[in-house]
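Reading the structure
Residues per chain, in single letters:
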Amino acid sequence: TGTPWHEFLSQHSTDGDEKHDVLFLSSAGRQSPESEKAFEEFVRRLIDVCERRNWSLGIKLHPKESGAWYADRNWSAYVLEGNPTIQNALQNTTVAITTGSSTLVEAMLLGTPICKWFDQQSPLEREQDLDFVFDITPETIDMTIQNAMETTADSDTASVLNYQGVTNEIVDIVTSGDC
């Protein structure tokens, strides 16, 4: 029947605290020296591009991160204070960048163009033509972000997910005893 979290996100609106041009959704899943090195190089290039293009950059920490990794590299100034909720962070940015697939759906539900930095296509991407999801590499950061900034998700963006009424549907099934 779906997920109540996605139904909540599809109905979420925010006042809009601090607005960023680019939001990097950090990841705690760096498990090898090679992936650590690749992650660091990506973040370094992202910061360089944002500074050169005068784009404001915010980094939202993964819930498992403390921010120490960014502090060790003198990048703490980019880390969002108070680690805002994913919905507020995504709605207060022009373009988001993710290293993980769950934020892909969250960005789509909130109408935020998103650049994904991983090789696999999600099942959703294989089924739909998602013109607001961009593949990004360290070499294409500048061009990919620019293209994403010029894309606006239309009001039908999240319609492929159809989460309307899922919470009530789940409650009805559970309370009817048919589960």
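These notes cover the structure that comes with them.

Quick notes on the rules
- Residues numbered from 1 in each chain as written.
- Predicted model: local features only at pLDDT ≥ 70, side-chain atom pairs only at ≥ 80, totals over all residues.
- Heavy atoms only, no water.
- Pairing = 2+ DSSP bridges.
- Helix = DSSP H or I, 4+ residues; strand = E, 2+ residues; numbered from the N terminus.
- Axes fitted to C-alpha atoms, helices over the stretch in contact; angles between N-to-C directions.
- Buried < 20%, exposed > 50% of the residue type's maximum accessible area, 1.4 Å probe, protein only.
- Salt bridge = Lys/Arg side-chain N within 4 Å of Asp/Glu carboxyl O.
- Polar contact = N/O pair within 3.5 Å; in protein donor to acceptor, adjacent residues only side chain to side chain.
- Parallel < 35°, antiparallel > 145°, perpendicular 65-115°, else oblique.
- Left-handed = near helix turned anticlockwise from the far one by under 90°.
- Contact = heavy atoms within 4.5 Å.
- Nonpolar A, V, L, I, M, F, W, Y, C, P; charged D, E, K, R; others polar.

1. Section: the sheet that holds strand β3 (residues 93-98)
Read across the sheet, five strands follow the order β2-β1-β3-β4-β5 without closing on themselves; strand pairing throughout is parallel. For this open sheet the edge positions go to β2 (57-60) and β5 (133-135), each flanked by a neighbour on one side alone. Strand-to-strand, the axes of this sheet are offset by a mean angle of 25°, without reference to chain direction. Note that β3 and strand β4 (residues 114-116) share three bridges and pair parallel.

2. As for the pairing of β3
The buried count for β3 comes to five of six residues, which makes it a mostly enclosed element. Bridge count between strand β1 (residues 20-25) and β3: five bridges; the pairing is parallel. Opposite Phe24, over in β3, you have Ile97 as the bridge partner.

3. Considering the pattern of salt bridges
Taken as a whole, this structure holds eight salt bridges when the rule is applied. When the shortest N-O distance is used, the salt bridge between Glu40 and Arg44 registers 3.0 Å. With a gap of four residues between them, Glu40 and Arg44 both fall in helix α2 (residues 33-53), about one helical turn apart. Its salt-bridge partner being Arg53, residue Asp142 comes within 2.3 Å of it at the nearest N-O pair. Of this pair, Asp142 sits in helix α7 (residues 141-149) while Arg53 sits in helix α2, and the two are 89 residues apart along the sequence. What makes Arg53 partly exposed here is its relative accessible area of 33%. Shared partners join several salt bridges into a network, and the residues in it are Glu36, Glu40, Arg44 and Arg73.

4. What to know about the environment of Thr93
Along the polypeptide, Thr93 turns up in strand β3. Exposure remark for Thr93: the relative accessible area of 6% places this residue in the buried category. Along the primary structure Thr93 and Thr112 are separated by 19 residues, whereas in three dimensions their C-alpha atoms are 7.5 Å apart. Side-chain polar atoms of Thr93 contact the backbone nitrogen of Leu23, separated by 3.3 Å.

5. Side note on the packing of α2 against α7
Packed helices, taken two at a time, are described by the angle their axes make and the gap between the axes. Two numbers describe how α2 lies on α7: the axes approach to 10 Å, and their chain directions differ by 60°. In terms of orientation, α2 lies oblique with respect to α7. For the pair α2 and α7, the sense of crossing is right-handed. Between α2 and α7, the contacting residues are Phe42, Arg45, Leu46, Val49, Arg52 and Arg53 on the first element and Ile141, Asp142, Ile145 and Gln146 on the second. Looking at the contact of α2 with α7 residue by residue, the class counts come to five nonpolar, one polar and four charged.

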